[in-house]
Amino acid sequence: MLAASVEAPAGGVVLDAGCGAGAVFLCVLARLPGVRAVAVERDPELAALARGNAAMNGWSDRVEVIEGDVAEGALREGLPPCAAAVSNPPYWSGGSRPPARLRAGATHAGDLGLDAWASLLAAALGRGGRASMVLPAARLEEGLVALRRAGLGGTEVMPLWQRQGRAAKRVLLRAARTPRAPNRLLPGLVLHGEAGWTPAADAVLRGAALGWAAG
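None of these values were measured; they are calculated from a predicted model. (Residues numbered from 1 in each chain as written. Predicted model: local features only at pLDDT ≥ 70, side-chain atom pairs only at ≥ 80, totals over all residues. Heavy atoms only, no water.)

Engineer: How should the overall build of the protein chain be read in this particular structure?
Structural biologist: Helix and strand counts for the protein chain come out as seven helices and ten strands. Within the protein chain, the proportion of its 215 residues that are buried is 47%. Restricting to contacts in the protein chain with at least 6 residues of sequence separation, those with at least 24 account for 71%. Carbon and sulfur atoms make up 54% of the accessible area of the protein chain, which amounts to about 10,400 Å² in all. (Helix = DSSP H or I, 4+ residues; strand = E, 2+ residues; numbered from the N terminus. Buried < 20%, exposed > 50% of the residue type's maximum accessible area, 1.4 Å probe, protein only. Contact = heavy atoms within 4.5 Å. Areas by Shrake-Rupley, 256 points an atom, 1.4 Å probe, with all protein chains shown as cover.)

Engineer: Is there a simple way to think about the packing of aromatic side chains in this case?
Structural biologist: The description of an aromatic ring pair uses the distance of the two centres, along with the angle that the planes make with each other. On inspection of all chains with the given rule, the structure shows zero aromatic pairs. Between the NZ or CZ atom of arginine 62 and the centre of the ring of tryptophan 59, over which it lies, the distance is 5.5 Å. (Phe/Tyr/Trp six-rings, centres within 6.5 Å; stacked < 30°, edge-to-face > 60°. Lys NZ or Arg CZ within 6 Å of the ring centre and 35° of its normal.)

Engineer: I tried to follow the pattern of salt bridges on my own but got confused; where do I start?
Structural biologist: Where charged atoms from two side chains of opposite charge approach closely, those side chains can pair. As enumerated under the stated definition, the model contains nine salt bridges in all. Put simply, arginine 174 and glutamate 156 hold a salt bridge, and the shortest N to O gap is 3.0 Å. Of this pair, arginine 174 sits in strand S7 (residues 170–176) while glutamate 156 sits in strand S6 (residues 153–163), placing them 18 residues apart in sequence. Given the relative accessible area of 6%, glutamate 156 is considered buried. Residue glutamate 156 is joined to arginine 184 by a salt bridge in which the shortest nitrogen-to-oxygen separation is 2.8 Å. On the criterion of sequence distance, the pair formed by glutamate 156 in strand S6 and arginine 184 in strand S8 (residues 184–185) is long-range, its members being 28 residues apart. By relative accessible area, arginine 184 is classed as partly exposed at 33%. (Salt bridge = Lys/Arg side-chain N within 4 Å of Asp/Glu carboxyl O.)

Engineer: Just to check I follow, could you spell out the nonpolar core for this structure?
Structural biologist: Across soluble globular proteins, nonpolar side chains have a tendency to be buried as a group. Of all hydrophobic cores here, the largest spans 36 residues; its most connected members are Val6, Phe25, Val28, Leu172 and Leu210. The biggest single contributor to this core is helix H1 (residues 23–31), with five residues. Residues within four places of leucine 210 in sequence aside, it is in contact with Met1, Ala4, Ser5, Met158, Leu172, Leu189 and Val204. Within the second largest apolar cluster, 31 residues are counted, among which are Val38, Leu79, Ala131 and Val157. (Core = buried A, V, L, I, M, F, W, Y, C linked by side-chain atoms within 4.5 Å.)

Engineer: How should I be thinking about the packing of helix H5 (residues 114–124) against helix H6 (residues 140–149) in this particular structure?
Structural biologist: Packing of H5 against H6 leaves a shortest axis separation of 8 Å and a crossing angle of 45°. With respect to their mutual orientation, H5 and H6 come out oblique. Of the two possible hands of crossing, H5 and H6 adopt the one that is right-handed. Contact residues: Leu114, Asp115 and Ala118 in H5; Glu142, Gly143, Ala146, Leu147 and Arg149 in H6. (Axes fitted to C-alpha atoms, helices over the stretch in contact; angles between N-to-C directions. Parallel < 35°, antiparallel > 145°, perpendicular 65-115°, else oblique. Left-handed = near helix turned anticlockwise from the far one by under 90°.)

Engineer: How should I be thinking about the side chain of serine 132 in this particular structure?
Structural biologist: With respect to the secondary-structure elements, serine 132 resides in strand S5 (residues 125–136). In this structure, serine 132 is in contact with Leu2, Ser5, Ala85, Val86, Ser87, Leu121, Leu173 and Arg174, ignoring residues within four places of it in sequence.

Engineer: Just checking my understanding: could you explain the pairing of strand S9 (residues 189–193) for this structure?
Structural biologist: Within a regular strand, side chains alternate between the sheet's two faces. With three bridges connecting them, S6 and S9 associate as parallel partners. By the bridge assignment for S9, leucine 160 is matched with leucine 189. Relative to strand S10 (residues 196–197), S9 runs antiparallel, the two being bridged by two bridges. Across the sheet, histidine 192 pairs through a bridge with tryptophan 197, a residue of S10. (Pairing = 2+ DSSP bridges.)

Read these as geometric descriptors, not functional statements.
As structure tokens, then:
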């Protein structure tokens, strides 16, 4: 769903901040064959896995995986202007941690807040670019504030409901370099029905865009 939030022209570059094994940028490259990806991952093991996954798909020439921390100022200086920048940042700043090291790094941010992630996304954007994040619904306000502090605004909020009638557990946020523009709450997407994926969610999984203009 995060990858489906990306809009980029042929020849454009997409940043994936905290790429892990590369699931998001791989979906972006599959849906938008004319774009390239720059991915940032601080864990060397995951960065190597992301490179390997790109190679297995025949996309090594379309992906650059950089090992680095999103909080590093020097990292931003080497990024090309990006048509889009996305992140699935670690969800939680405290509480119990999962036992596996890689799993813990993917879900728990430690001392690194959302400001660092939003700042990197904003720094990477070229003219007209948009930044997207997926967050737990409980961190919606924190995400909106972080994007605004990074100089982004006009944020579109898309709730992701597991099933009709249930509270959304995740939200997609997409913002641009328009810090004074008002935020928009979009109709959202129901993911599951009685027979599995809803038609709208299934279409996204098969390569369709999310359809932000529906709001």
